[in-house]
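If you want the building blocks of each chain, they are given just below.
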Amino acid sequence: MKKGLFIAASMIALSLTSCNKKESGNKSIIKTDSSETVVKDTNGKIDSVSQSSSSLEVNGQKTEKTDYVYKAIDGTLVKVVFKNDPKESTVAITSNKKTFVLTKSETKGDETIYKKDDMTARVVGDSLHLEQGSNIIELKRTKI
């Protein structure tokens, strides 16, 4: 009986002391996250397409990721993630459980071009044109 009482008291004491969490850690990382933001077009009107974005700041250097859903002409939905960090800017295109990551190569006016090997992505406004060899896929930003 004494042994059972001692074990029960020990378990209660252990559970009470192990539940104290401290909010300490790496103070140089600041993370902000927003599930939905308002985007304005070049003419100042609010964009009707929703997005998900997050930013992470490590030692004063900011990394931003923005997720969009694009739709192909045949109705296929494609997830597109734009990532901008101090080292490079990339776009990750995910469809049919395959992800292609392309690196930003140039910007011409309102057109941004991403490339990797024989694949090129041209982003103009709400449109994304994928080119791989002779195949061209037109994508348009959409809501789910």
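Quantities reported herein were computed from a predicted structural model and do not represent experimental measurements. (Residues numbered from 1 in each chain as written. Predicted model: local features only at pLDDT ≥ 70, side-chain atom pairs only at ≥ 80, totals over all residues. Heavy atoms only, no water.)

Trainee: Explanation requested: the side chain of Glu 111 in the structure shown.
Mentor: Considering the arrangement of structural elements, one finds Glu 111 in strand E7 (residues 111-116). If we skip the residues at most four places from it in the chain, Glu 111 touches Glu 106, Arg 122, Val 123 and Val 124. (Helix = DSSP H or I, 4+ residues; strand = E, 2+ residues; numbered from the N terminus. Contact = heavy atoms within 4.5 Å.)

Trainee: Is there a simple way to think about the side chain of Arg 141 in this case?
Mentor: Inspection of the secondary structure assignment puts Arg 141 in strand E10 (residues 135-142). We classify Arg 141 as buried; its relative accessible area is 13%. Looking at Arg 141, its side chain comes within polar contact range of the main-chain oxygen of Gly 125, at 3.1 Å. (Buried < 20%, exposed > 50% of the residue type's maximum accessible area, 1.4 Å probe, protein only. Polar contact = N/O pair within 3.5 Å; in protein donor to acceptor, adjacent residues only side chain to side chain.)

Trainee: Mind showing me how you'd approach the environment of Gly 75 here?
Mentor: Relative to the helices and strands, Gly 75 is located in the loop between strand E3 (61-72) and strand E4 (77-84). Judged by relative accessible area, Gly 75 falls into the partly exposed class, the value being 35%. Taking C-alpha positions, Gly 75 is 9.5 Å from Leu 139, a pair spaced 64 residues apart along the chain.

Trainee: In this structure, what is going on with the environment of Ser 89? I would like to understand it.
Mentor: Note on placement: Ser 89 falls in strand E5 (residues 89-95). Separated by 13 residues in the primary sequence, Ser 89 and Leu 102 place their C-alpha atoms 8.7 Å from one another. The residues contacting Ser 89, other than those within four sequence positions of it, are Lys 83, Asn 84, Leu 102, Thr 103, Lys 104 and Tyr 114.

Trainee: How should I be thinking about the nonpolar core in this particular structure?
Mentor: Considering soluble globular proteins, one finds that nonpolar side chains tend to be buried as a cluster. Counting 16 residues, the largest nonpolar core has Val 80, Phe 82, Ile 93 and Leu 128 as the members making the most contacts within it. Those elements that provide at least two residues to this core are E3, E4, E5, strand E8 (119-124) and strand E9 (127-132). In this view, Leu 128 contacts Tyr 70, Val 80, Phe 82, Ile 93, Ala 121, Arg 122, Val 123, Ile 137, Glu 138 and Leu 139; residues no more than four positions away in its chain are not counted. (Core = buried A, V, L, I, M, F, W, Y, C linked by side-chain atoms within 4.5 Å.)

Trainee: Just to check I follow, could you spell out the pattern of salt bridges for this structure?
Mentor: A side chain with one charge may pair with a side chain of the opposite charge, provided their charged atoms come close. Tallied over the entire structure, the rule returns six salt bridges. Where Asp 67 meets Lys 79, a salt bridge forms, and the shortest distance between an N and an O atom there is 3.9 Å. In this pair, Asp 67 sits in strand E3 while Lys 79 sits in strand E4, placing the two residues twelve residues apart along the sequence. By relative accessible area, which is 23% here, Asp 67 ends up partly exposed. With relative accessibility at 42%, the residue Lys 79 sits in the partly exposed group. The partner of Asp 126 in a salt bridge is Arg 141, and the shortest N-O contact between them spans 3.1 Å. Here the residue Asp 126 occupies a position in the loop between E8 and E9, and Arg 141 occupies one in strand E10, the gap between them amounting to 15 residues. Within this structure, Glu 111, Arg 122 and Glu 131 form a network of salt bridges that share partners. (Salt bridge = Lys/Arg side-chain N within 4 Å of Asp/Glu carboxyl O.)

Trainee: Explain the confidence of the model for the chain here, please?
Mentor: Low pLDDT means the predicted atomic positions in that stretch should not be read closely. Per-residue confidence for the chain gives a mean pLDDT of 77, with 64% of residues at or over 70. Low pLDDT (under 50) marks residues 28-50, which in the prediction has 40 contacts with non-local residues, meaning those over four places away or in another chain. (pLDDT = per-residue confidence, 0-100.)

Trainee: Looking at this structure, I do not really get the pairing of strand E6 (residues 98-108). What am I missing?
Mentor: One face of the sheet, then the other: side chains in a regular strand alternate in exactly this way. Here E5 pairs with E6 via six bridges, running antiparallel. By the bridge assignment, Ser 95 is partnered in E6 with Lys 98. What sits between the antiparallel neighbours E5 and E6 is a turn of two residues, in which Asn 96 has the positive phi angle 55°. Pairing of E6 with E7, which is carried by five bridges, proceeds in the antiparallel orientation. What sits directly across from Lys 108, in E7, is Glu 111. Following E6, the chain reverses through two residues before pairing antiparallel with E7; Gly 109 in that reversal takes a positive phi of roughly 60°. (Pairing = 2+ DSSP bridges.)

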